[in-house]
Amino acid sequence: MDIGTIIGFIVAIVGVLMSVIMGGGGIGGFVDIPSILVVFGGTIGAIIVCFPIARILELPKIMMKALFWTSQDPVELVKELVRYAEVARREGILALENLVPEMKDPFIVRGVKMAVDGTDPELIREVMEKEMEAADERHGKAKYMIDTIGRMAPAYGMIGTLMGLIMMLSNMSDPSKIGPGMAVALITTLYGALIANMCTGPIADKLASRAAEESLIRSIVVAGVMSIQSGDNPRIVESKLLTFLPPSKRGAIEQKEAA
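Scope of this entry: the structure provided in the associated data block. (Residues numbered from 1 in each chain as written. Predicted model: local features only at pLDDT ≥ 70, side-chain atom pairs only at ≥ 80, totals over all residues. Heavy atoms only, no water.)

Right, let's talk about helix α9 (residues 234-242) for a bit. Every buried residue of α9 is accounted for by Pro234, Val237, Glu238, Leu241 and Leu242. One face of α9 carries all of its buried residues, which in axial projection span an arc of 130°. (Buried < 20%, exposed > 50% of the residue type's maximum accessible area, 1.4 Å probe, protein only. Helix = DSSP H or I, 4+ residues; strand = E, 2+ residues; numbered from the N terminus. Arc of directions from axis to C-beta.)

What follows concerns helix α1 (residues 3-22). The end-to-end C-alpha distance of α1 is 28 Å, a good match for the 28 Å that 20 residues give at a rise of 1.5 Å each. Along α1, the residues classified as buried are Thr5, Phe9 and Val20. The buried residues of α1 all sit within an arc of 35° when viewed along its axis, so they share a single face. Exposed residues on α1 whose side chains face more than 90 degrees from its buried face are Ile3, Val11, Ile21 and Met22. A positive phi of about 90° marks Gly24, the residue just after α1. (Expected span 1.5 Å × (residues − 1).)

The next thing to look at is the nonpolar core. Core analysis: the largest hydrophobic core is formed by 35 residues, its most contacted members being Tyr84, Leu96, Met103 and Met128. Breaking this core down by element, the ones donating at least two residues are α5 (74-91), α6 (106-116), α7 (121-169), α8 (178-229) and α9. Looking at this core element by element, the count peaks at 9 residues for α5. Ignoring any residue separated from it by four or fewer positions in sequence, one finds Met128 in contact with Phe107, Gly111, Met114, Val221, Val222 and Val225. Ile62, Ala66, Ile149 and Ile203 belong to the second-largest nonpolar core, a separate cluster that totals 16 residues. (Core = buried A, V, L, I, M, F, W, Y, C linked by side-chain atoms within 4.5 Å. Contact = heavy atoms within 4.5 Å.)

Together, Ile10, Ile13, Val14, Leu17, Met18, Ile21, Met22, Ile27, Val31, Ile33 and Leu37 make up an exposed nonpolar region whose accessible area comes to about 1,100 Å². Elements represented by at least two residues in the nonpolar patch include exactly α1 and α2 (33-50). With 7 residues, α1 is the single largest residue contributor to the nonpolar patch. Within the secondary structure, Leu37 sits in helix α2. (Patch = residues over 30% accessible without salt bridge, like charges linked within 9 Å, V, L, I, M, F, W, Y side chains within 5 Å. Areas by Shrake-Rupley, 256 points an atom, 1.4 Å probe, with all protein chains shown as cover. Salt bridge = Lys/Arg side-chain N within 4 Å of Asp/Glu carboxyl O.)

Quick look at the packing of aromatic side chains now. Going through the model one piece at a time under the given rule, you end up with 1 aromatic pair. Arranged with centres 5.9 Å apart and planes meeting at 80°, the rings of Phe51 and Tyr144 form a pair that is edge-to-face. Remark: Tyr144 occurs in helix α7 and Phe51 occurs in the loop between α2 and α3 (53-57); sequence separation between them is 93 residues. A cation over an aromatic ring shows up here: Arg218 above the ring of Phe107, its NZ or CZ 4.7 Å from the ring centre. (Phe/Tyr/Trp six-rings, centres within 6.5 Å; stacked < 30°, edge-to-face > 60°. Lys NZ or Arg CZ within 6 Å of the ring centre and 35° of its normal.)

Before going further, it helps to examine the packing of α5 against α9. As a packed pair, α5 and α9 sit with axes 9 Å apart at the nearest point and diverge in direction by 155°. Accordingly, the angle class assigned to the pair α5 and α9 is roughly antiparallel. Taken as a pair, α5 and α9 cross one another with a handedness that is right-handed. Across the interface between the two elements, Val78, Leu81, Val82, Ala85, Glu86 and Arg89 of α5 pack against Pro234, Val237, Glu238, Leu241 and Leu242 of α9. Residue composition of the contact of α5 with α9, grouped by class: 8 nonpolar, no polar and 3 charged. (Axes fitted to C-alpha atoms, helices over the stretch in contact; angles between N-to-C directions. Parallel < 35°, antiparallel > 145°, perpendicular 65-115°, else oblique. Left-handed = near helix turned anticlockwise from the far one by under 90°. Nonpolar A, V, L, I, M, F, W, Y, C, P; charged D, E, K, R; others polar.)

Once that is clear, we can look at the pattern of salt bridges. Two side chains carrying opposite charge are able to pair once their charged atoms lie near each other. Per the counting criterion, the structure on display carries 11 salt bridges. With a closest N to O distance of 2.7 Å, Lys240 and Asp232 form a salt bridge. Members of the salt-bridge network, linked through shared partners, are Arg110, Glu131, Glu214 and Arg218.

Turning our attention to the packing of α6 against α7. At a closest axis distance of 10 Å, the pairing of α6 and α7 adopts a crossing angle of 165°. Classified by the angle between their axes, α6 and α7 sit roughly antiparallel to one another. By crossing handedness, the relation of α6 to α7 is classed as right-handed. Residues Phe107, Arg110, Gly111, Met114 and Ala115 of α6 lie in contact with α7, whose contacting residues are Ile124, Val127, Met128, Glu131 and Met132. Among the residues forming the contact of α6 with α7, the class breakdown is 7 nonpolar, 1 polar and 2 charged.

Below, the structure written as structure tokens:
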């Protein structure tokens, strides 16, 4: 579970609720069923029009990835690949087949198996890069769907506001209803803004961050597998992989090597 994401949501929700309470308003004043129907119903209907049902049904699982995600440490990955390089250098690349059961990343397993089987290096690179491209495309589609929700919700909030204003102006003969009518009209805009800025926007950005992390990890794996397959010295393998890491993280590995 990503504690940072959970804390962020809690802080945002508590901040909004505290502002309502400290402002002297009641929570009940911000609940309006017609406004909920306009914003949520309109947004859901628009999303159903925009995307296939099969993709929409995957939306809860996609959004959960922002909450439940275990980041892979690139430093540990580099160490792992260097260890495989040492084994391949010392015992031959076929010895890596005995280490496959302890490999947790299916992407590494796929690359190592192709290398052990003597697959052409260019074919190994092509297969692994194609898999990376497919993963990037899936992540892009997921983010686009959530971004679309973030665009639709404020739009329907504005539609609800316009509807409320029209109904309010049509009843100008009773001044006592103008204030409450204006409040209800603005609630729809509030709902749309909250959905976009407190929910879908942060989740979409978090998924983009996750996709970037995964792309980095897979790039390291491809470089490592190709270097091992070509029979590079473990130090050369390490030097190649360290280029993917920021200087602050390279230092930890280099200091360990020096010791």
